Amino acid sequence: MSPEAAFKKLKEGGGWWVILVIIVMLAAGTWLQMPIIHKTVHEQLQKAPVQGVSESSVLRIAEVGAYIGSIVSLIVIFFITGLRLKLVNALVQGEAKYMQLVKTAIYASIPGVIGALLTGILLRATDAGSINDIILSPAALLPVKKGILFVILNIFNPFSLWGLGLQVVGTKVMTGVRSGKVTVYVIVIWLILTVIGGLIGSR
């Protein structure tokens, strides 16, 4: 409700406890997506069976890997986003410290985690056959879920834009720079990396 006031408090210190909340939410989202993971693994095993290993063992490994992978990848994203915001800090000659920007990245990720949780709920509720059946952006209207148009439309995911807005507010507070340059730098760098990552991922 009041992101600027919240980030001002975070700038003074503390607030790291929210990582535990995010991990719990992420684990819940992964659990909700587990039927899709099982289905994908089963289909892969039908095409290329693993000799000497039962399907149930492979499924258990896939489950553990999904939980660990989702948590580890998100933590890595926190630090990478912190580096991206550190670049913005350098461009605007701000006063932010790296770990303050990592904290900004953590709190700005909450909308994305909520979006992932909602996706998992919809996957269960609709009995979708693939995670691509649930897309929370205008890209869901496209018959083919890849290509530049898919990537562009997928940018307009409300949860991604919400998180981007929090990055802008948090970076302004942490850097101590109120200039519109902060907004421009955060959005442009985010946009470039999102498009590049989307094109690679949609191949």
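Anything mentioned here points back to the structure above.
Residues numbered from 1 in each chain as written. Predicted model: local features only at pLDDT ≥ 70, side-chain atom pairs only at ≥ 80, totals over all residues. Heavy atoms only, no water.

A. Inspection of the overall build of the chain at higher detail. On a plain count of helices and strands, the chain comes out with 9 helices and 0 strands. The linear arrangement of helices and strands in the chain, starting from the amino end, is α-α-α-α-α-α-α-α-α. Projected onto the principal axes, the alpha-carbon positions of the chain cover approximately 60 × 35 × 30 Å. Per-residue burial for the chain yields a buried fraction of 36% across its 203 residues. Taking the intrachain contacts of the chain between residues at least 6 apart in sequence as the baseline, contacts between residues at least 24 apart amount to 67%. Working note: accessible area of the chain is about 11,500 Å², and carbon and sulfur atoms make up 69% of it. Distance between charge centroids for the chain: 11 Å, based on 17 positive and 8 negative side chains. (Helix = DSSP H or I, 4+ residues; strand = E, 2+ residues; numbered from the N terminus. Buried < 20%, exposed > 50% of the residue type's maximum accessible area, 1.4 Å probe, protein only. Contact = heavy atoms within 4.5 Å. Areas by Shrake-Rupley, 256 points an atom, 1.4 Å probe, with all protein chains shown as cover. Lys, Arg positive; Asp, Glu negative; His and termini not counted. Charge placed at Lys NZ, Arg CZ, Asp CG, Glu CD.)

B. How the structure looks around the side chain of glutamine 167. Locating glutamine 167 in the fold gives a position in helix H8 (residues 158-175). Not counting residues within four places of it along the chain, the set of residues in contact with glutamine 167 comprises Thr81, Arg84, Leu85, Thr104, Ala108 and Val186.

C. The arrangement of the side chain of threonine 81 in detail. Position of threonine 81 among the secondary structure elements: in helix H4 (residues 55-91). Threonine 81 gets classed as buried once you look at its relative accessible area, which sits at 8%. Not counting residues up to four positions away in its chain, the partners in contact with threonine 81 are Ala105 and Gln167.

D. Region of the structure containing the packing of H4 against H8. Running from amino to carboxyl end, H4 crosses H8 at an angle of 55°, the nearest separation of the two axes being 11 Å. In terms of orientation, H4 and H8 fall into the oblique class. For the element pair H4 and H8, the recorded crossing hand is right-handed. Together, Thr81, Arg84, Leu85, Val88 and Asn89 of H4 and Gln167, Thr171 and Thr175 of H8 make up the contact between the two elements. Of the residues assigned to the contact of H4 with H8, the class counts are 2 nonpolar, 5 polar and 1 charged. (Axes fitted to C-alpha atoms, helices over the stretch in contact; angles between N-to-C directions. Parallel < 35°, antiparallel > 145°, perpendicular 65-115°, else oblique. Left-handed = near helix turned anticlockwise from the far one by under 90°. Nonpolar A, V, L, I, M, F, W, Y, C, P; charged D, E, K, R; others polar.)

E. Highlighting the nonpolar core. Residues Phe7, Ile22, Ile106 and Val186 are the most contacted members of the largest nonpolar core, which totals 28 residues. Those elements giving two or more residues to this core turn out to be helix H1 (3-12), helix H2 (18-32), H4, helix H5 (98-108), H8 and helix H9 (180-201). Those residues in contact with isoleucine 22, other than ones at most four positions away along the chain, are Leu74, Phe78, Ile106, Ser109, Ile110 and Val113. (Core = buried A, V, L, I, M, F, W, Y, C linked by side-chain atoms within 4.5 Å.)

F. Region of the structure containing unusual backbone geometry. Its identity as a non-glycine residue notwithstanding, glutamine 93 has a phi of 55°, on the positive side. Along the chain, glutamine 93 falls in the loop between H4 and H5. Residue glutamine 93 is classed as exposed on the basis of its relative accessible area of 73%.

G. Structural detail: the packing of H1 against H8. Two elements in contact, H1 and H8, have axes whose closest approach is 9 Å; the angle formed by their N-to-C orientations is 45°. The orientation of H1 relative to H8 falls into the category oblique. By crossing handedness, the relation of H1 to H8 is classed as right-handed. Where H1 approaches H8, its residues Pro3, Glu4, Phe7, Lys8, Leu10 and Lys11 are matched on the opposing element by Leu166, Val169, Gly170, Val173 and Met174. Looking at side-chain class alone, the contact of H1 with H8 contains 7 nonpolar, 1 polar and 3 charged residues.

H. Structural detail: H2. For H2, which comprises 15 residues, the first-to-last C-alpha distance of 21 Å matches the rise-based estimate of 21 Å (1.5 Å per residue) to within 8%. Of the surrounding elements, those touching the buried residues of H2 are helix H3 (34-47), H4, H5 and helix H6 (110-126). (Expected span 1.5 Å × (residues − 1).)

I. Region of the structure containing the layout of surface pockets. One number sums up the size of the largest pocket: a volume of about 1,700 Å³. If you go around the largest pocket, you meet 45 residues; those closest to its centre are Leu74, Ile77, Gly112, Asn157 and Ser160. In terms of residue count, the dominant contributor to the lining of the largest pocket is H4 (8 residues). By volume, the second largest pocket is sized at about 230 Å³. If you go around the second largest pocket, the residues you meet are Met1, Ser2, Pro3, Ala6, Phe7, Leu10, Tyr107, Ile110, Pro111, Trp162 and Leu166. Listed by contribution, the elements that provide at least two residues to the lining of the second largest pocket are H1, H6 and H8. (1 Å grid on protein atoms, 1.4 Å probe; cavity = no way out; pocket = protein on both sides within 12 Å on 5 of 7 lines; lining within 4 Å. Points joined across faces, edges and corners; volume = space filled by probe spheres on them.)

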